[in-house]
Amino acid sequence: CYILIPSHPFTLCLCHFCLTHKEWPFCFKSWESSDPTKGFISLPLNRSYYHIQKPYDLPENQRYCFSDGVHRCWVYSTDKPHTPTSQTKPRTEIAIQGYNYSYGVWQFEGHWYVPQGTSGVCIMQVFGASPPHATTLMLRVVNGSLLYYRGPVLVQDIYDKWFKLNVIHDVDAAKVKVYINGCLIFEADGRGGTSHAFKCGVYAQNDDSYYMESRWKDIKVLRKCD
């Protein structure tokens, strides 16, 4: 079955039940393309535009590798935080530093994969928000499902599969949209803040598994054309 996405009146996608209970959906495209990157420009992205946040006492190659176009990030629940003074949980994240933004419409795109057993972890975030919040968006994996923070569940049965993710953050309108495989599956309000940045990888959260891993490829940062 299909539903009409209100903000995309000519795009039909699988309903939320099908998203969370079937193998995995792909958009059924009608008169208008559902490509979320339409109207955006892709910006250069190389190692000078990001750094790896990892346990501060370990060399990078013990928690991150890049091979055959795939970024692999892993961390253990017993690892140290990313700085000696941080009170946060362990992480290995690709932190995009060259495109911090405070206004406009920005987009993150990437293909992600989470292996069986990884749980209680954030795999992608839009960093920056007004206190008491630190982030505008977190996408977490809990027991094989993808969640917006602690809920709602966005997708079930995600282990050992590749998915395409697009996150659009409209700062001025204070809105965030999440697309999976080209389908708009979730919208949320922004959380304020004066500076934002994209991150992906693994960042331990509540009830984290001992070992956490995510893989990423074809990562892009895009900005809406003026």
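Our structure's up above, just so we're on the same page.
Definitions and cut-offs
Residues numbered from 1 in each chain as written. Predicted model: local features only at pLDDT ≥ 70, side-chain atom pairs only at ≥ 80, totals over all residues. Heavy atoms only, no water. Helix = DSSP H or I, 4+ residues; strand = E, 2+ residues; numbered from the N terminus. Buried < 20%, exposed > 50% of the residue type's maximum accessible area, 1.4 Å probe, protein only. Areas by Shrake-Rupley, 256 points an atom, 1.4 Å probe, with all protein chains shown as cover. Pairing = 2+ DSSP bridges. Axes fitted to C-alpha atoms, helices over the stretch in contact; angles between N-to-C directions. Salt bridge = Lys/Arg side-chain N within 4 Å of Asp/Glu carboxyl O. Phe/Tyr/Trp six-rings, centres within 6.5 Å; stacked < 30°, edge-to-face > 60°. Lys NZ or Arg CZ within 6 Å of the ring centre and 35° of its normal.

Colleague: I keep staring at the overall build of the chain and nothing clicks. Help me out?
Modeller: Counting its secondary structure elements, the chain contains one helix and 18 strands. For the chain, the residues scored as buried account for 51% of the 226 residues in total. Split by element, the accessible area of the chain, about 10700 Å² in all, is 53% carbon and sulfur.

Colleague: Would you mind showing me how to read the sheet that holds strand E11 (residues 135-142) here?
Modeller: Pairing between sheet strands relies on hydrogen bonds along the backbone, with the strands arranged either parallel or antiparallel. The seven strands lie next to each other as E5-E8-E17-E10-E11-E12-E13, forming an open sheet whose pairing is antiparallel. Of all the strands in the sheet, just strand E5 (50-53) and strand E13 (153-155) have a single pairing partner and so form its edges. Taking each pair of neighbouring strands and ignoring which way they run, the sheet shows an average axis angle of 20°. In this sheet, strand E17 (residues 197-204) lies alongside strand E10 (residues 121-127) in antiparallel orientation, the contact comprising six bridges.

Colleague: I would appreciate a short explanation of the pattern of salt bridges in the present structure.
Modeller: Counting across every chain of the model gives eleven salt bridges. In this structure, Lys-89 engages Asp-208 in a salt bridge whose closest nitrogen and oxygen atoms are separated by 3.2 Å. With Lys-89 in the loop between strand E7 (70-76) and strand E8 (91-96) and Asp-208 in the loop between E17 and strand E18 (211-224), this residue pair connects regions lying 119 residues apart in the sequence. One salt bridge connects Lys-175 with Asp-189, and the closest N-O pair in it is separated by 2.5 Å. Placement of Lys-175 in strand E15 (residues 175-180) and of Asp-189 in strand E16 (residues 183-189) is noted, with a sequence separation of 14 residues between them. Shared partners join several salt bridges into a network, and the residues in it are Arg-72, Glu-213 and Arg-215.

Colleague: I would appreciate a short explanation of the pairing of strand E9 (residues 105-113) in the present structure.
Modeller: Consecutive side chains of a regular strand alternate in pointing toward one face of the sheet and then the other. Burial within E9 is extensive, with eight of its nine residues counted as buried. Inspection of the sheet shows E9 paired to strand E14 (residues 162-170) by nine bridges, in the antiparallel sense. Within E14, the position partnered with Trp-106 by the bridge is His-169. In terms of strand pairing, E9 meets E18 through seven bridges, oriented antiparallel.

Colleague: Explain the packing of aromatic side chains to me, please; I cannot follow it from the model alone.
Modeller: Aromatic rings considered in pairs are described by the distance between their centres and by the relative angle of their planes. The tally for this structure, following the rule as stated, stands at twelve aromatic pairs. Geometrically, the ring pair formed by Tyr-113 and Trp-162 is tilted, given 5.4 Å between the ring centres and 45° between the ring planes. With Tyr-113 in strand E9 and Trp-162 in strand E14, this pair connects stretches of sequence that are 49 residues apart. Classification of Tyr-113 as buried rests on a relative accessible area of 14%. In this structure an aromatic cluster arises from ring pairing among Tyr-49, Tyr-99, Tyr-101, Trp-106, Phe-108, Phe-198 and Trp-216. Across the ring face of Trp-74, the terminal group of Arg-72 is positioned such that the distance to the ring centre comes to 4.1 Å. Note that Lys-217 overlies the ring of Trp-162, its terminal NZ or CZ placed 4.4 Å from the centroid.

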